[in-house]
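Residue-level structure breakdown
Each chain is listed here by its residues.
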Amino acid sequence: PPRSTLFPYTTLFRSHQLTVNFRSHAALIQLGNSVVHTMEDLFPTTIDILAEDQGSYPGPVPSVMQYTSEEALFAFLFGQANGNLPGQIDQFGAHQVVITRNQETKARLPDLLKHALCLTVYEAKGLEFDDVILFNFFSDSPASWGPITKLQPRVRTSAAIDTGVVRVDDAGAQIGDDEFAADLLSNLADTRAPGLADMLLCGELKHLYVAVTRPRKNLFIFERDLAKAAPMLKYWRDRKSTRLNSS
């Protein structure tokens, strides 16, 4: 390694970003990356711009479903007795969790979910589970999710990120600082959420990232009000990050 000119006896080390995530499968990691992309586009000064995580193996795409009744919820999660609809999970145990945005939402959970381990986003931070049910995150959100609709699909050269060594494009050519900055600014043009009021949305996106990155295998998103979640659901649907299940 090179040595410092100011401190000749000090070795300078370069950082290397580890991008392969072995904890979760590719579909879950893609969903987490999509939330990071919204923060990079809308609130670029609140997040470090890094190369996106990569999954090492495939897995089921996260499911979104409107909550209409406890019977429909039960049929989706555990299947129907006649066998026409297979269950998504076998049981509620130590490896399954219901995540809500706060204690108020937890208190309003359907009786079926009250028998499971229930945590708020804050309580679940840093924990991992096989199966996660995210309940009414958008329906009870105090933020306006409208700015998400302004985001246009972008070709994100995940390698064109400062990893602490060099920046390169998809062809392996090194990218200079000016070119990198111009590319980043072009992606951010007309997409920044103005004013401090929209910082509420920034906080919501960070909470959403924590919630959707807790599962190792399956993520199920249940919402009473799909209209409130429409901007984010469309963003995910356009990127094939989720599938919408009918009740």
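To keep things clear, this report deals only with the structure shown in the data block. (Residues numbered from 1 in each chain as written. Predicted model: local features only at pLDDT ≥ 70, side-chain atom pairs only at ≥ 80, totals over all residues. Heavy atoms only, no water.)

Moving on, we get to the packing of aromatic side chains. As enumerated under the stated definition, the model contains 7 aromatic pairs in all. Taking 5.5 Å as the distance between ring centres and 70° as the angle between the ring planes, the aromatic pair formed by Y67 and F135 counts as edge-to-face. Separated by 68 residues along the polypeptide, Y67 in the loop between β3 (63-66) and α2 (70-78) and F135 in strand β6 (residues 129-135) bring together distant segments of the chain. On the basis of relative accessible area, Y67 is assigned to the buried category, the value being 12%. With 6.3 Å between their ring centres and 65° between their planes, F137 and W145 make a pair best called edge-to-face. By the burial criterion, F137 is buried, and W145 matches it. One aromatic cluster is present, formed by F137, F138, W145 and W236 through successive ring pairs. (Phe/Tyr/Trp six-rings, centres within 6.5 Å; stacked < 30°, edge-to-face > 60°. Helix = DSSP H or I, 4+ residues; strand = E, 2+ residues; numbered from the N terminus. Buried < 20%, exposed > 50% of the residue type's maximum accessible area, 1.4 Å probe, protein only.)

Burial runs high along strand β4 (residues 96-100): 5 of the 5 residues are buried. Where burial is concerned, the two faces of β4 agree: the one with Q96, V98 and T100 and the one with V97 and I99 are both buried. Here 4 bridges tie β4 to β6, and the two strands are oriented parallel to one another. Its bridge partner being in β6, I99 is matched across the sheet by L134. The pairing of β4 with strand β5 (residues 118-120) spans 3 bridges and is classified as parallel. Counterpart to T100 in the pairing with β5 is T120. (Pairing = 2+ DSSP bridges.)

Our next topic: the side chain of K106. For K106, the position within the fold is in helix α3 (residues 103-107). The residues contacting K106, other than those within four sequence positions of it, are T100, C118, L119, T120 and E123. (Contact = heavy atoms within 4.5 Å.)

Relative to the elements of secondary structure, K206 occurs in helix α7 (residues 199-212). K206 sits 170 residues away from V36 along the chain, and the two C-alpha atoms are 8.3 Å apart. Sequence-distant contacts of K206, defined by excluding residues within four places in its chain, comprise M39 and T46.

Moving on, we come to the sheet that holds β6. Spatially, the 6 strands line up as an open sheet ordered β5-β4-β6-β7-β3-β8, and their pairing is parallel. Sheet topology places β5 and β8 (243-245) at the edges, where each strand pairs with a single neighbour. Pairs of neighbouring strands in the sheet enclose a mean axial angle of 30°, with direction left out of account. The sheet contact formed by β6 and strand β7 (residues 215-223) spans 6 bridges and is parallel. (Axes fitted to C-alpha atoms, helices over the stretch in contact; angles between N-to-C directions.)

Interpretation in functional terms is not warranted from these geometric data alone.
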